[in-house]
Amino acid sequence: MDTRFANRMSVMKPSSIRELLKMTDRPDIISFAGGLPAPELFPVEDIKLAAERVLVECGSKAFQYGITEGILPLREQISRDMKTRGIDCAKDEILITTGSQQGLDLLGKIFLDPGDVILTENPTYLAAIQAFQCFQANFCPVPTDDNGIIPEAVDDLAAKRKVRFLYVISNFQNPTGRTLNLERRKKLAEIAERRNLVIIEDDPYGRLRYRGDHLPPIKSFDSSGHVVYLSTFSKTVAPGFRTGWIVASRDILDKLVVAKQAADLHTSSFDQLVLERYLRDFDNHAHVERVRKAYGERYTVMDESLERHMPQGFSWTRPEGGMFLWVSGPHGFDTYAIFRKAIENKVAFVPGADFFPGGGGHNNMRLNFSNADPANIRTGIARLAEICSSALTEEEAKDPA
Ligand SMILES: Cc1ncc(COP(=O)(O)O)c(C=O)c1O
């Protein structure tokens, strides 16, 4: 071990696939690998006007230090938006963060000591694993099915050991695209209160629903302050703003504010002002509607292409929103093994194993459908299916039984 570095760096392993994923940026590769929104849909013209207005009206004030909690008018807008999602929160129960990713880091800081146990879905968001690994957490993956994490399993695990928190992505989960059903949301809120268990509900994708009805967040059933809710403007406006937020009870929020002061004092004043002005002066609902329509169409093209081309033995999730679907191959299939071949054939995905904090999951892959146009989705899926078919045939030739 290199003694120059802190002990925690020995558990913060770089993802084995990260180097390979760098290749997916090549323009000749059709990439379903990244988690990127479609840049051609960013509301650039409206943002430009909003930025001009901020510069003309605020001048140098737009570049001054601000308060850690975030600018008040933005928190007021978020508070109003939260009501439409079913969460009644005051502006001082909201902290603006530098993306939801910083929210995860701050939550790790205030809740985790080395060795603490946390519960997660299985699989779960890769960068949340990385964020919590930084605090040397012990991951306890909870059984999860098509309707999300299984509350009875959460209840059992929380009864048996001291658990710091449960981390859950309630809508169109990254990586599987699955959504936690209504009954389970209520049940988790009830377990949180009964077991004194903190739930971190991460919801970057809730606004990107293409089919079915909006489901109230777990936080909307929380009457005891155990649920901490995170969301972001990354998917509904643009990720470059690096602006997200946390809704939490005041005692938790006070601790988060102290942690954020130490991290970055506050999220960029200019970014917050431009975002606030954009949301005030322009029709973000119409923008999100356009995004939903485009992603919904891309999802349908991907689903139909998979249906047409994938060999027998493969199945995939059928998310009602978000940006990802999750393909599972037959038992024993290894998506790492076909990754290099896929790159040679100019198509990319993320092998599933990295999303499983407890190991396993090699037969899965995550596909992003928001960042490729329909024609490329058709071509890319045909290539991917071909690679999967020939890998299966090679396997069968090796082991005819
Ligand atoms: C589940 C989940 N949480 C958090 C984030 C981070 O979002 P942000 O851009 O707000 O940092 C992402 C980004 O893809 C995500 O998928």
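This section reports on the structure supplied with the text. Small disclaimer: the values here were computed from a predicted structure and weren't measured.

1. A closer look at the site of the ligand
Turning to step 1, where the next piece is worked out: Contacts to the ligand come from 14 residues, most closely from Ser100, Asp202, Tyr205, Thr232 and Ser234.
Turning to step 2, where the next piece is worked out: Within the backbone of Gln101, a nitrogen or oxygen atom sits 3.0 Å from an oxygen atom of the ligand.
Turning to step 3, where the next piece is worked out: Here an oxygen atom of the ligand sits 2.9 Å away from a polar atom, N or O, in the side chain of Asn174.
Turning to step 4, where the next piece is worked out: Protein contact buries 92% of the 400 Å² of open area that the ligand shows by itself.
Turning to step 5, where the next piece is worked out: Elements that contribute at least two residues to the shell around the ligand include exactly helix H5 (99–111) and strand S7 (163–169).
Turning to step 6, where the next piece is worked out: A per-element tally of the shell around the ligand places H5 first, with 3 residues.
Turning to step 7, where the next piece is worked out: The class makeup of the residues in the shell around the ligand is 5 nonpolar, 6 polar and 3 charged.

2. So, the sheet that holds strand S9 (residues 227–232)
Turning to step 1, where the next piece is worked out: Within the open sheet, the 7 strands sit side by side as S2-S10-S9-S8-S7-S3-S4. Their pairing is mixed. Of all the strands in the sheet, just strand S2 (94–97) and strand S4 (138–142) have a single pairing partner and so form its edges. Averaged over all neighbouring strand pairs, the angle between strand axes comes to 20°, with direction disregarded.
Turning to step 2, where the next piece is worked out: As paired strands, strand S3 (residues 117–121) and S4 are joined by 5 bridges and run parallel to one another. Bridge pairing in S4 links Glu121 to Val142.
Turning to step 3, where the next piece is worked out: Lying over the sheet, helix H4 (residues 72–84) contacts S2, S9 and strand S10 (244–247), oriented at roughly 115° with respect to S2.
Turning to step 4, where the next piece is worked out: Helix-sheet contacts for helix H9 (residues 250–264) involve S2, S9 and S10, and the interaxial angle to S2 is about 25°.

3. Section: the pairing of strand S12 (residues 324–328)
Turning to step 1, where the next piece is worked out: Among the 5 residues of S12, 5 are classified as buried, and the element is accordingly described as predominantly covered.
Turning to step 2, where the next piece is worked out: Residues of S12 alternate between two faces, with Phe324, Trp326 and Ser328 on one and Leu325 and Val327 on the opposite face, all of them buried.
Turning to step 3, where the next piece is worked out: With 2 bridges joining them, strand S11 (residues 315–316) and S12 adopt antiparallel strand pairing. Bridge pairing in S12 links Ser315 to Ser328.

4. Some points on the nonpolar core
Turning to step 1, where the next piece is worked out: Of all hydrophobic cores here, the largest spans 48 residues; its most connected members are Phe32, Met302, Leu306, Leu325, Val327 and Leu367.
Turning to step 2, where the next piece is worked out: The set of elements that each furnish at least two residues to this core consists of helix H11 (284–309), S12, helix H12 (335–344), strand S13 (347–348), strand S15 (364–368) and helix H13 (374–398).
Turning to step 3, where the next piece is worked out: Ranked by residues supplied to this core, first place goes to H13 with 8 residues.
Turning to step 4, where the next piece is worked out: Ignoring any residue separated from it by four or fewer positions in sequence, one finds Leu306 in contact with Trp316, Leu325, Val327, Leu367 and Ile381.

5. Here we look at the side chain of Ser231
Turning to step 1, where the next piece is worked out: Looking at the secondary structure, you find Ser231 in strand S9.
Turning to step 2, where the next piece is worked out: In terms of polar contacts, Ser231 uses its side chain to reach the backbone carbonyl oxygen of Asp203, at 2.9 Å.
Turning to step 3, where the next piece is worked out: Beyond its immediate chain neighbours, meaning those up to four positions away, Ser231 contacts Arg85, Ser100, Asp203, Pro204, Gly244 and Trp245.

6. Focus: helix H8 (residues 182–195)
Turning to step 1, where the next piece is worked out: Look at H8: 20 Å from first C-alpha to last across 14 residues, which is about the 20 Å you get at 1.5 Å a residue.
Turning to step 2, where the next piece is worked out: Looking at H8, one finds that the buried residues are Arg184, Arg185, Leu188, Ala189, Ile191 and Ala192. Down the axis of H8, the buried side of the element spans an arc of 160°, and every buried residue falls inside it.
Turning to step 3, where the next piece is worked out: Elements in contact with the buried residues of H8: strand S5 (144–145), strand S6 (148–149), helix H7 (151–160), S7 and strand S8 (198–202).
Turning to step 4, where the next piece is worked out: Looking one or two places after H8, you find Asn196, whose phi comes out positive at around 55°.

7. So, the environment of Tyr210
Turning to step 1, where the next piece is worked out: Turning to its location among the elements, Tyr210 is positioned in the loop between S8 and S9.
Turning to step 2, where the next piece is worked out: The spatial distance from the C-alpha of Tyr210 to the C-alpha of Val291 is 9.8 Å, given a sequence separation of 81 residues.
Turning to step 3, where the next piece is worked out: Apart from residues no more than four positions distant in its own chain, Tyr210 is found in contact with Arg292, Tyr295, Gly296, Glu320, Gly321, Gly322, Met323 and Phe369.

8. A few points about the packing of H7 against H8
Turning to step 1, where the next piece is worked out: In the contact formed by H7 and H8, the axes pass within 9 Å of each other and the chain directions differ by 10°. Judged on the interaxial angle alone, H8 and H7 are roughly parallel. With respect to the hand of their crossing, H7 and H8 are arranged in right-handed fashion. Here H7 contributes Pro151, Glu152, Val154, Asp155, Ala158 and Ala159 to the contact with H8, which in turn contributes Arg184, Lys187, Leu188, Ile191, Arg194 and Arg195.
Turning to step 2, where the next piece is worked out: Of the residues contributing to the contact of H7 with H8, the split by class is 6 nonpolar, no polar and 6 charged.

9. Points about the pattern of salt bridges
Turning to step 1, where the next piece is worked out: For the coordinates displayed, the defined rule picks out 28 salt bridges.
Turning to step 2, where the next piece is worked out: Two residues, Asp113 and Arg164, come together in a salt bridge whose shortest N-O distance is 3.5 Å. Taken together, the positions of Asp113 in the loop between H5 and S3 and Arg164 in strand S7 put the pair 51 residues apart, joining distant regions of the chain.
Turning to step 3, where the next piece is worked out: In this structure Asp113 comes out as partly exposed when scored by relative accessible area, which is 44%.
Turning to step 4, where the next piece is worked out: According to the relative accessible area criterion, Arg164 is partly exposed, its value standing at 29%.
Turning to step 5, where the next piece is worked out: Linking Glu276 and Arg280 is a salt bridge whose minimum nitrogen-to-oxygen distance equals 3.0 Å. Separated by 4 residues within a single helix, Glu276 and Arg280 lie in helix H10 (residues 269–281), roughly one turn from each other.
Turning to step 6, where the next piece is worked out: A residue is classified by how much of its surface remains accessible, and Arg280, at 48% relative accessible area, is partly exposed.
Turning to step 7, where the next piece is worked out: By sharing partners, the salt bridges in this structure join Arg53, Glu57, Arg277 and Asp281 into a single network.

The rules behind these values
- Residues numbered from 1 in each chain as written.
- Predicted model: local features only at pLDDT ≥ 70, side-chain atom pairs only at ≥ 80, totals over all residues.
- Heavy atoms only, no water.
- Near = heavy atom within 4 Å.
- Polar contact = N/O pair within 3.5 Å; in protein donor to acceptor, adjacent residues only side chain to side chain.
- Areas by Shrake-Rupley, 256 points an atom, 1.4 Å probe, with all protein chains shown as cover.
- Helix = DSSP H or I, 4+ residues; strand = E, 2+ residues; numbered from the N terminus.
- Nonpolar A, V, L, I, M, F, W, Y, C, P; charged D, E, K, R; others polar.
- Pairing = 2+ DSSP bridges.
- Axes fitted to C-alpha atoms, helices over the stretch in contact; angles between N-to-C directions.
- Contact = heavy atoms within 4.5 Å.
- Buried < 20%, exposed > 50% of the residue type's maximum accessible area, 1.4 Å probe, protein only.
- Core = buried A, V, L, I, M, F, W, Y, C linked by side-chain atoms within 4.5 Å.
- Expected span 1.5 Å × (residues − 1).
- Arc of directions from axis to C-beta.
- Parallel < 35°, antiparallel > 145°, perpendicular 65-115°, else oblique.
- Left-handed = near helix turned anticlockwise from the far one by under 90°.
- Salt bridge = Lys/Arg side-chain N within 4 Å of Asp/Glu carboxyl O.

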